[in-house]
Each structure stands twice: as C-alpha cells, then as structure tokens.
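Tertiary structure, described
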Amino acid sequence: PDHRPLYGRHVLITAGPTHEPIDPVRYIANRSSGKQGFAIAAAAAASGARVTLVAGPVHLETPPGVDRIDVESAREMADAVKSALPADAAVMVAAVADWRTRDFVDQKMKKRGSAPPALILEENPDILANLSASDKRPPLVVGFAAETNDVVEHATAKRKRKGADWIVANDVSGDVMGGSHNDVHIVTSKGVEDLPEMPKEDVARALVERIAAALEETAGG
Ligand code: C5P
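The name given to the protein chain in an unreviewed UniProt entry is Coenzyme A biosynthesis bifunctional protein CoaBC, with Parerythrobacter jejuensis as the source organism.

Shown next, in the form of structure tokens:
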C-alpha cells in the first residue's frame, strides 16, 4: 500500500495571474509568477495526492504527476475550479484580477488621433469566497493573502470574510512577486503560525504537511 500522507486525496490548486482581455491584443494582468502555487502542486503530488492545478498564464513547467488546466481569465478559472470538484482540499493561490473590462472589443482598438478610450471595469467573481460558500465546499479551504502592511490583521479579517479555513498571509513588501523566497504566516481558527522566510518549495512542503495532518483529523484519516 501507498503510505504517502496525501494518498487517495484530491487537492485542487489555483495559481498564477489571470489575464482579462481588453481587445484581441491587449489585456489587464498582474505580476504573479505562479511559482508558489506550482510549488504547492508539486509538493502535494509528491505526497501522493491527485492534484488538479488550474493555472493562469505563466511560464512554468507542469510538476510531475499534476493534472494541469490552463485558463486565461478569472471567469475561465472559476469555471475550471467548479468542474474539478469534488476535492478534499482546495488551495487558492492565484492572483485573480479583481476587475475585468465590462465591454470586450472584438477588433483591435485604434488610436486614429482621437482621445484615449476610457476602460469601464466590473468586478470579477471571487473564486475563493464562492467555493467556501458552495454546497460542494471541500473539507479544507485555504486562501492566500498578499499584504504589504499589517499582514496578520488583514489576513485574519480575510479568513472570516472569505469563509476560508486557513489564510496563508504573505508579506509582499519585498521582492516576493516573481522571487524565489516567501515569508508567510498561516492564520487558522486556532491562531497564527509564523514561518521563517524560506524558498517557495519549502513553504509548499510545510503547507502540504499541515494539510495532510488536518485531513487526517477532520476526515478521520
Ligand atoms: O481579496 P484578495 O484578492 O486579497 O484575496 C486573495 C485570496 O482570494 C487568494 O486566495 C486568491 O486566490 C483568492 N481570490 C479568488 N478570486 C478572486 C480574488 C481572490 O479566488 N476574484
């Protein structure tokens, strides 16, 4: 038998940025590299889980043993997450764009010497909050929070607001976005665990260990 700690579990992970199209050649994006989410997918697969990784546009290799679904926009990511359920644990690491343009223009917008266009934005669905509230809610839902100040306070509020079991707060005041290291605090109902700054692969392994332990507890092993 396979004694790896996540054997028999399905772990659903989102990673990377989303791209929100403006016209066929332009989009709204952010600086997420996807590294932390891909590292968590790799660590979960190495621990024996079946892993579904819903990835925004990134330049990263698929980790061994991971089922990857590529998406562009937040709405595509939301649909892919729904389709991947049920799961034993969900780890929403993606830096989902908060806004998309209200009106996609299906031909390239031209300058033509006229005034610059005004982009009208509307809010994207909150994938994490919707998952937490859904009737297919995984037993363990983990969100991330990128903060530059009052990291733990913001994450504690976010945990409640989003209905997540845990929020992994990362301090992005340094060069975390795109960088190789991460400085995280795991906020749960029981309190806060501060991890030292370390490579994203080590953060991933630490988190996966805790996920395996939590699933043992909640789902009776
Ligand atoms: O609200 P904020 O973007 O700071 O929340 C971050 C957390 O929520 C992350 O886990 C992120 O993946 C998730 N999120 C989401 N869908 C959104 C916005 C954020 O799943 N539209």
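That was the structure; now back to the text.
One finds L6, I13, I40, V91, L207 and I211 to be the most contacted residues of the largest nonpolar core, which totals 38 residues. Broken down by element, the residue count for this core peaks at 9 residues, all from helix α5 (residues 200-218). Dropping the residues within four chain positions of it, I13 is found in contact with G37, I40, A41, V51, T52, L53, V54, V91, M92 and V93. Grouped together as the second largest cluster of nonpolar side chains are 24 residues, M77, A87, A145 and I167 included.

A word on the site of the ligand. What surrounds the ligand is the set M92, V93, A94, V96, P125, D126, I127, L128, G143, F144, K158 and K162. Separating an oxygen atom of the ligand from a backbone N or O atom of A94 is a distance of 2.7 Å. A distance of 3.0 Å separates a nitrogen atom of the ligand from a polar atom in the backbone of I127. Broken down by secondary-structure element, the contributors of at least two residues to the shell around the ligand are α3 (127-133), β9 (140-147) and α4 (151-162). Of the residues belonging to the shell around the ligand, the class tally is 8 nonpolar, 1 polar and 3 charged.

With mixed pairing, the 8 strands of this open sheet are ordered in space as β5-β4-β1-β6-β9-β10-β12-β13. Here the strands that pair on one side only, and so sit at the sheet edges, are β5 (66-70) and β13 (191-194). Direction aside, neighbouring strands of the sheet carry axes that sit 20° apart on average. Pairing between strand β1 (residues 10-15) and strand β6 (residues 89-92): 4 bridges, direction parallel. Following the sheet pairing, T14 is matched in β6 by M92. Each of β1, β4 (50-55) and β5 touches helix α2 (residues 74-84); the most contacted strand, β1, lies at about 175° to it.

What follows concerns unusual backbone geometry. Cis peptide bonds are those with omega within 30 degrees of zero, and the linkage from L85 to P86 qualifies with 5°. Although it is not a glycine, R112 adopts a positive phi angle of roughly 45°. Relative to the helices and strands, R112 is located in the loop between β7 (99-101) and β8 (121-123). Look at R112 and you get exposed, because its relative accessible area is 73%. The phi dihedral of D150 is positive, around 45°, even though this residue is not glycine. Position of D150 relative to the elements: it lies in the loop between β9 and α4.

What counts, and at which threshold
- The residue numbers shown here count from 1 along each chain, following its written sequence.
- Side-chain atom pairs in this predicted model are given and counted only at pLDDT of 80 or more, local residue features only at pLDDT of at least 70, and totals for whole chains, interfaces and linings cover all residues.
- Remark: hydrogens and water are excluded; side-chain values derive from all non-hydrogen atoms of the structure.
- In plain words, nonpolar cores are sets of buried Ala, Val, Leu, Ile, Met, Phe, Trp, Tyr and Cys residues tied together by side-chain atoms within 4.5 Å.
- Buried means the residue's accessible area, taken with a 1.4 Å probe over protein chains only, is under 20% of the maximum for its type, while exposed means over 50%, and partly exposed covers the values in between.
- Helical segments are the DSSP runs of H or I of at least four residues, strand segments are the runs of E of at least two, and each set is numbered from the N terminus.
- Only heavy atoms matter for contacts: two residues are in contact if any of them lie within 4.5 Å across the pair.
- Summary of the distance rule: residues count as near a molecule or strand when at least one heavy atom falls within 4 Å of that molecule or strand.
- A 3.5 Å cut-off defines polar contacts: any pair of N or O atoms within that distance qualifies, except that in protein one atom must be a possible hydrogen donor and the other a possible acceptor, and neighbouring residues in sequence count only when both atoms are side-chain atoms.
- Charged means Asp, Glu, Lys or Arg here, nonpolar means Ala, Val, Leu, Ile, Met, Phe, Trp, Tyr, Cys or Pro, and polar covers whatever is left, Gly included.
- Two strands make a pair as long as DSSP finds a minimum of two bridges between them.
- Every axis in this analysis is a line fitted to C-alpha atoms, fitted for helices over the stretch in contact. Angles between the N-to-C directions lie between 0 and 180 degrees.

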